[in-house]
Amino acid sequence: MTVHFIGAGPGDPDLLTLKAARLIESCPVCLYAGSLVPAEVVARAPGTPIDTAPLTLEETHALIAEAHARGEDVARVHSGDPSLYGAIAEQIRLLKRDSIPYAITPGVPAWAAAAAALGQELTIPEVAQSLVLTRMSMKSTAMPSGETLEGFAATGTTLAIHLGIRALRDISRRLAPFYGEECPVAVVYRASWPDEQIIRGTLADIQPKVREAKITRTALIFVGPALAPTQGFPDSALYDAARPHLLRPRARAGAESPE
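With an unreviewed UniProt entry as reference, the protein is termed Precorrin-4 C(11)-methyltransferase, source organism Pseudoroseicyclus tamaricis. Under the heading Sequence similarities (unreviewed entry), UniProt records this for the protein: "Belongs to the precorrin methyltransferase family."

In structure tokens form, the structure reads like this:
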């Protein structure tokens, strides 16, 4: 048997990958995080899906061990992509301890779905060419000492902040010295779900806007100049007629280099 860690995507069942759907349909046992994974995603499971939200790590592992003893594959369904804040590392540690095989199937991450909802690219030429994925501690485990908002903000690039909606005032205060109070911010609540909401603002005014919308959880915060209206930046060199590359080895006739 195999335990399949499956990325269920951000919420929309249509964003489930073909492989993920096939595994959920074929595994006799389906365990899912009901607080984040819609019931529609696991409705295709052959048996009754088990919501692990109220269970401890040890209780969840006990269910897996029982399935292993029966020789039954397990679909362990997580929201988004399990490689980011998926809490699979400690599960894998127990699987290795008990010599239980496992595999990982990636899913569409929440930040990608949120960027799609915003209708824009997060990396803009000569504005931001990196994306920092981070989170706030809140009631979760502490952040490593070297991973601070201030340290990431010093790069000036796009930040995608998870688990921080309740700390938005503190986030704005800490980031303003680096980005400026007028730096654009976008908050995406439940990206790809039917009740998805998008709130745009700046570091100066985003917190009262989010408070007015009564958003207190399940939201992703984007901060950075790349979120500004897409004007006043150069085109990417990828499709520049004056810049040849491997698949377009010669510059187009008449093309003028922007340099």
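Engineer: So, the sheet that holds strand 4 (residues 74–78): which residues are in play, and what are the values?
Structural biologist: Note on sheets: strands pair through backbone hydrogen bonds, and any given pair is parallel or antiparallel. Pairing is parallel in the open sheet, where five strands are placed in the order 3-2-4-1-5. Two strands close off the open sheet at either side, each with one partner strand: strand 3 (50–51) and strand 5 (102–105). Sheet analysis places strand 1 (residues 3–7) next to strand 4, joined by five bridges and oriented parallel. Counted as the bridge partner of G7 is H78 from strand 4. Its contacts with the sheet put helix 3 (residues 57–70) on strand 1, strand 2 (29–32), strand 3 and strand 4, and the angle it makes with strand 2 is roughly 165°.

Engineer: An account of helix 4 (residues 89–97) is needed here, citing residue identities and associated values.
Structural biologist: The complete set of buried residues in helix 4 reads Q91, I92, L94 and L95. Looking down the long axis of helix 4, one finds its buried residues gathered within 160° of arc, a one-sided arrangement. Exposed residues pointing more than 90 degrees away from the buried face of helix 4 are listed as A89, R93, K96 and R97. Taken from the residues just after helix 4, S99 is the one with a positive phi, measuring 55°.

Engineer: Give me the sheet that holds strand 6 (residues 131–135): which residues, what numbers.
Structural biologist: Pairing within the open sheet is mixed, and its five strands lie in the order 6-7-10-8-9. Since the sheet does not close on itself, it has two edges, and those belong to strand 6 and strand 9 (197–202), each with one partner. Across the sheet, the mean angle from the axis of one strand to that of its neighbour is 20°, orientation sign disregarded. Direction of pairing for strand 8 (residues 184–189) relative to strand 9: antiparallel, over a ladder of six bridges. Paired with P184 across the bridge in strand 9 is T202. Contacts between helix 5 (residues 110–118) and the sheet are confined to strand 6, strand 8, strand 9 and strand 10 (219–223), with strand 10 contributing the most and set at about 70° to the helix.

Engineer: Would you mind going over unusual backbone geometry in detail, with residue names and values included?
Structural biologist: The phi dihedral of L163 falls on the positive side, at around 55°, and the residue is not glycine. You can see L163 is positioned in the loop between strand 7 (158–162) and helix 7 (168–179). Backbone geometry places K214, a non-glycine residue, at a positive phi of 60°. Inspection of the secondary structure assignment puts K214 in the loop between helix 8 (206–212) and strand 10. Overall, K214 belongs to the exposed group, its relative accessible area being 70%.

Engineer: Describe the pattern of salt bridges, and please don't skip the residues or the numbers.
Structural biologist: One pass over the full model with this rule turns up eight salt bridges. Salt-bridge contacts for E25 lead to R44; the nearest nitrogen and oxygen are separated by 3.3 Å. With a gap of 19 residues between them, E25 in helix 1 (residues 18–26) and R44 in the loop between helix 2 (39–42) and strand 3 connect regions that are remote in the sequence. Taking relative accessible area as the criterion, E25 reaches 43% and is therefore assigned partly exposed. When its relative accessible area of 33% is taken as the criterion, R44 is described as partly exposed. Residues R97 and D98 are paired through a salt bridge, measuring 3.0 Å at the closest nitrogen-oxygen approach. Look at R97 and you get exposed, because its relative accessible area is 56%. Overall, D98 belongs to the partly exposed group, its relative accessible area being 32%. Salt bridges sharing common partners tie together E150, D170, R173 and R174.

Rules behind the numbers
- For every chain, the first residue of the written sequence is number 1, and numbering continues from 1 onward in sequence order.
- For a predicted model such as this one, the threshold for reporting local features is a pLDDT of at least 70, and the threshold for listing and counting side-chain atom pairs is 80 or more; totals across whole chains, interfaces and linings nevertheless cover every residue.
- Side-chain numbers come from the whole structure's heavy atoms, not from hydrogens or water.
- UniProt positions are given in the numbering used here, feature names are shortened, and annotations may be inferred rather than shown by experiment.
- Two strands qualify as a pair provided DSSP detects at least 2 bridges between them.
- Helix numbers and strand numbers start at the N terminus; a helix is a DSSP run of H or I with at least 4 residues, a strand a run of E with at least 2.
- In this analysis, two residues are considered to be in contact whenever any of their non-hydrogen atoms come within 4.5 Å of each other.
- For helices, the fitted line uses only the C-alpha atoms of the stretch in contact; every axis is such a line through C-alpha atoms, and the angle between N-to-C directions lies from 0 to 180 degrees.
- Remark: exposure states derive from per-residue accessible area (1.4 Å probe, protein chains only) relative to the maximum for the residue type, with buried under 20%, exposed over 50%, and partly exposed in between.
- Picture the helix axis, draw a direction to every C-beta atom, and the arc is the one those directions span.
- Each salt bridge in this description consists of a side-chain nitrogen of Lys or Arg and a carboxyl oxygen of Asp or Glu lying within 4 Å of one another.

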